[in-house]
Amino acid sequence: MNLFCVGLSHHTANVETREMFAGNRETDCVLRDAGCAEALVLTTCNRVEVYAASENPVATSEVARCLSRKIDNHISELSPFYRHENVECVQHLFRVASGLDSMVVGETEVLGQAKKAYEAARTSGAVGPYLHRLFQRAFRAAKEVRSQTDITRGAVSVGSVAVDLAAKIFGNLPRCKVLIIGAGENAERTTRALASRGVVDLRVSNRSPERARELAAVVGGTAVPFENWPDEFSKIDILITSTSSESPLLTPTHFEKTLRARIDRPLFVIDIGVPRNVDPRVNELAGVYLYDIDSLQSVAEQARALRHQHIAAAEKIIVEHVARFQETLARGLEWRARNNAHPEIGDTSLRASES
Amino acid sequence: MDRQLLILSTVCYLVAVVRTVVALRARVFQQSRFNFFAIVAGFLLQTAFLSIRGHAEHRCPLTNLFEVFVFLAWSVALIYMLVGPAYRLSLMGAFTAPLVVILQTFALVAPIDVPHTAKMPANSWLEFHASISMIAYGAFALACIAGAMYLVQERQLKTRHIHSIFYHLPPLSDLFAAITRLLWLGFLLYTLGLTSGFFVGGPLPHLQIVCAVGVWVLYGAILQGRYSRWFAPKRIAALCIVGFAAALTLLWGISFSAQIH
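Procedures and definitions
- Residues numbered from 1 in each chain as written.
- Chains lettered and ligands numbered in written order.
- Predicted model: local features only at pLDDT ≥ 70, side-chain atom pairs only at ≥ 80, totals over all residues.
- Helix = DSSP H or I, 4+ residues; strand = E, 2+ residues; numbered from the N terminus.
- Buried ≥ 20, exposed ≤ 12 C-beta atoms within 10 Å, placed from the backbone.
- Contact = placed C-beta atoms within 7 Å.
- Arc of directions from axis to C-beta.
- Core = buried A, V, L, I, M, F, W, Y, C linked by C-beta atoms within 7 Å.
- Pairing = 2+ DSSP bridges.
- Axes fitted to C-alpha atoms, helices over the stretch in contact; angles between N-to-C directions.
- Parallel < 35°, antiparallel > 145°, perpendicular 65-115°, else oblique.
- Left-handed = near helix turned anticlockwise from the far one by under 90°.
- Nonpolar A, V, L, I, M, F, W, Y, C, P; charged D, E, K, R; others polar.

Trainee: What exactly am I supposed to notice about the overall build of chain A here?
Mentor: Scanning chain A from N- to C-terminus turns up 13 helices and ten strands. For the C-alpha atoms alone, the extent of chain A along its principal axes is close to 80 × 40 × 30 Å. Expressed as a percentage of the 355 residues in chain A, the buried residues total 44%. For chain A, restricting intrachain contacts to residue pairs at least 6 apart in sequence, the fraction spanning at least 24 positions comes to 69%.

Trainee: Honestly, helix α9 (residues 209-219) of chain A in this entry has me stumped. Any pointers?
Mentor: The periodicity of an α-helix, 3.6 residues per turn, causes residues three or four places apart in sequence to face the same way. Residue and element names in this part refer to chain A. Listed as buried for α9 are Ala212, Leu215, Ala216 and Val219. Looking straight down α9, one finds its buried side chains confined to an arc of 105 degrees; they lie on one side. Opposite the packed face of α9, turned more than 90 degrees from it, sit the exposed residues Glu210 and Ala217. Buried-residue contacts for α9 involve α8 (185-196), β6 (201-205) and β7 (222-224).

Trainee: Quick question: what am I supposed to make of the nonpolar core here?
Mentor: When a protein is soluble and globular, its nonpolar side chains tend to lie buried together. If you look at the biggest cluster of nonpolar residues, it comprises 131 residues, and the most contacted ones within it are Ala166 of chain A together with Leu142, Ala146 and Ile179 of chain B. Top element by residues in this core is helix α5 (residues 124-159) of chain B. It accounts for 18 residues. Core analysis: the next-biggest nonpolar cluster, separate from the first, contains 54 residues, Ala37, Val50, Val322 and Phe325 of chain A among them.

Trainee: Looking at this structure, I do not really get the sheet that holds strand β3 (residues 47-54) of chain A. What am I missing?
Mentor: Across a sheet, paired strands are connected by hydrogen bonds in the backbone, their directions being either parallel or antiparallel. Residue and element names in this part refer to chain A. Strand order in this open sheet of four strands is β2-β3-β1-β4, and the pairing throughout is antiparallel. Looking along the sheet, the strands with just one partner apiece sit at the ends: β2 (38-43) and β4 (82-85). Taking each pair of neighbouring strands and ignoring which way they run, the sheet shows an average axis angle of 15 degrees. As judged from the four bridges shared by strand β1 (residues 2-9) and β4, these two strands associate in the antiparallel manner. Bridge pairing in β4 links glycine 7 to tyrosine 82. The sheet strands contacting helix α3 (residues 60-67) are β1, β3 and β4, and the helix crosses β3 at an angle near 125 degrees.

Trainee: What am I meant to see in the environment of cysteine 5 of chain A here?
Mentor: All names here are of chain A. Tracing the chain through its elements places cysteine 5 in strand β1. Judged by the 24 C-beta atoms lying within 10 Å of it, cysteine 5 falls in the buried class. Counting along the chain gives 309 residues from cysteine 5 to alanine 314, while the straight-line C-alpha distance between them is 21 Å. Beyond its immediate stretch of four places on either side in the chain, cysteine 5 contacts Glu49, Val50, Tyr51, His84, Cys89, His92 and Leu93.

Trainee: Where do I start with the environment of leucine 62 of chain B in this structure?
Mentor: Residue and element names in this part refer to chain B. Inspection of the secondary structure assignment puts leucine 62 in the loop between α2 (33-57) and α3 (65-86). Its 24 C-beta neighbours within 10 Å are what place leucine 62 among the buried residues. In sequence terms leucine 62 and serine 131 are 69 residues apart; their C-alpha atoms lie 7.8 Å from each other.

Trainee: Help me out: how do you make sense of the packing of helix α6 (residues 172-197) of chain B against helix α7 (residues 206-227) of chain B in this one?
Mentor: Residues and elements named next belong to chain B. At a closest axis distance of 10 Å, the pairing of α6 and α7 adopts a crossing angle of 150 degrees. Taken together, α6 and α7 sit at an angle that is classed as roughly antiparallel. Crossing of α6 against α7: the hand is left-handed. Along its contact with α6, which presents Thr180, Leu183, Gly186, Phe187, Tyr190, Thr191, Leu194 and Gly197, the element α7 presents Ala212, Val215, Trp216, Tyr219, Gly220, Ile222, Leu223 and Arg226. Counted by class, the contact of α6 with α7 contains ten nonpolar, five polar and one charged residues.

Trainee: How should the sheet that holds strand β8 (residues 238-241) of chain A be read in this particular structure?
Mentor: All names here are of chain A. A sheet is described by the order of its strands in space; here six strands give the open sequence β7-β6-β5-β8-β9-β10, paired in parallel fashion. At either end of the open sheet lies a strand with only one pairing partner, and these are β7 and β10 (288-292). For this sheet, the mean angle separating the axes of adjacent strands, direction not counted, is 20 degrees. Of the pairings in the sheet, the one linking β8 to strand β9 (residues 267-271) comprises four bridges and is parallel in character. Looking across to β9, one finds that threonine 241 is bridged to aspartate 271.

Trainee: Just checking my understanding: could you explain the pairing of β1 of chain A for this structure?
Mentor: Consecutive residues of a regular strand have side chains that alternate between opposite faces of the sheet. Residues and elements named next belong to chain A. The buried count for β1 comes to six of eight residues, which makes it a mostly enclosed element. Pairing analysis gives eight bridges linking β1 to β3, with the strands arranged antiparallel. When the sheet's bridge partners are listed, serine 9 is paired in β3 with arginine 47.

Trainee: I keep staring at the packing of helix α7 (residues 158-170) of chain A against α8 of chain A and nothing clicks. Help me out?
Mentor: Each packed pair of helices is defined by two parameters, the angle between the axes and the distance between the axes. All names here are of chain A. In the contact formed by α7 and α8, the axes pass within 9 Å of each other and the chain directions differ by 45 degrees. By the criterion of interaxial angle, the relationship of α7 to α8 is oblique. As α7 runs across α8, the sense of the crossing is right-handed. Here Gly159, Ser160, Ala162, Val163 and Ala166 of α7 lie close against α8, whose contacting residues are Arg189, Thr190, Ala193 and Leu194. A per-class count over the contact of α7 with α8 returns five nonpolar, three polar and one charged.

Trainee: Is there a simple way to think about the interface of chain B and chain A in this case?
Mentor: As a measure of interface size, the accessible area lost when the parts come together is often cited. Counting residues at the interface gives 17 residues for chain B, matched by 24 residues for chain A. Only α5, α6 and α8 (233-260) of chain B provide two or more residues apiece to the side of chain B that touches chain A. Ranked by the residues each element gives to the side of chain B that touches chain A, the list is headed by α6 of chain B, at three residues. When grouped by side-chain class, the residues that make up the side of chain B that touches chain A number eight nonpolar, three polar and six charged.

Set out below in structure tokens:
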């Protein structure tokens, strides 16, 4: 039995090409008709891949034809497709599941998508003992990579960096009080990100009171009249500014007045206005952490660099898991040769790894 | 035999330190149970050392400066194991191990393991006073370590240079809460130790009383400053480090004068 993977990803094809080969509900069945004993299609926004086991070789063009959304499509261009056989296929899947092959290295969404694809194929009966073992081991490898390295640490997008930093300062986000000055699109996005992490006390202030009320209604907060926002300073933990003011709206003087009263509570200021709404000297004040759009971007880049530093450690874990999988497979084949049957799918040691 | 146990214990802590330093230099710091187990091993060996000494001397092993330093290192490890997991400050191990290594290495290298010349009869109040004060010092040491962790994280947040270790540090607010609790724990234990000192009996050494009260006033002032909002959390964290350095110096003075007497 041969294990192989045929697919295209953001490394080899643009989104238009990937869309053409995104497959459909019947793809598993079509693949089985094409000669695959077991087949699973993994579709994410960055890749379309078929993992299959077959007694006889199945051509890449045949797999591509099965994946094509057009009926009777003649596949003339196969260059965006890659093919990995046996050990290479195993290694590739482990790298994919661990987020090493992703556009944003270390992202964890792909693991969830792989689990869903596996579950769907298992339910439809398209997965047999080979792919079952392969995917269980892939999930185990991904879990170990995640827990043993820092490859998934640190937010890599500006919005999530702001939320992560807030969590690093305050720990318990739901207890934080947030004031948003300016009700633009960026402010809304950041506020929504905070709300999604459980922040409930949101106060919105804007030159236009209607817009403030609108955003407050959207995020479940309260509107504060624009002339009253300085009164909120002593009560809040996080300040988000996103106004179109040409000159800094907030200077150290604004903060110094209230800092004494809140000396034991830090203040996190997220300035996403361009030009900046907060004087950079505010960051020099004790207990105030000011992040503008550039510094958020810089933290995101540092997190990306950190993830890349952990690639070698993650690859090492994957190599170990590939070797272990090969051993398990060899034992299974030996058992099969002795008993002239498939290895049991309900192997308890494999089931235990499904979490 | 007992010194060999102490050397082995120091090696255990040193292994944890080396592992942390290597990870930090490679910029791929990864928290693991290794440090915790290394510290547990070091702690067990320390306990064995103190037990052997205690049995040999038929009293709490705090008879000279050498034993005082070892007992202090043991107290630091003890408080770490009690509060580290409770406050989810397991990373504290990475910061605790270097302090213990410094204390024990100094104790082993410096010529301070001099047997007490005058054989004093065992006094339970004296032993309680000395041991509880040492455990209080352990809490102050942990507050000092938490303060260092706070300053490391605060600096990274201020400068926006985020290092791998940043992601393993507890949130600033949690660290500050831990510092406050450790200060309270140390202060209460120290008050207990100080008060029990007056029940020891015999003439009270004035220099020791002045030093001990000095430490008590110092930490009392830090706590007062925290609740009166005289100091920002960053200042409190820095004061925990300065305070512990001062307390350690005064402890030296107390132990040294006790040895002379």
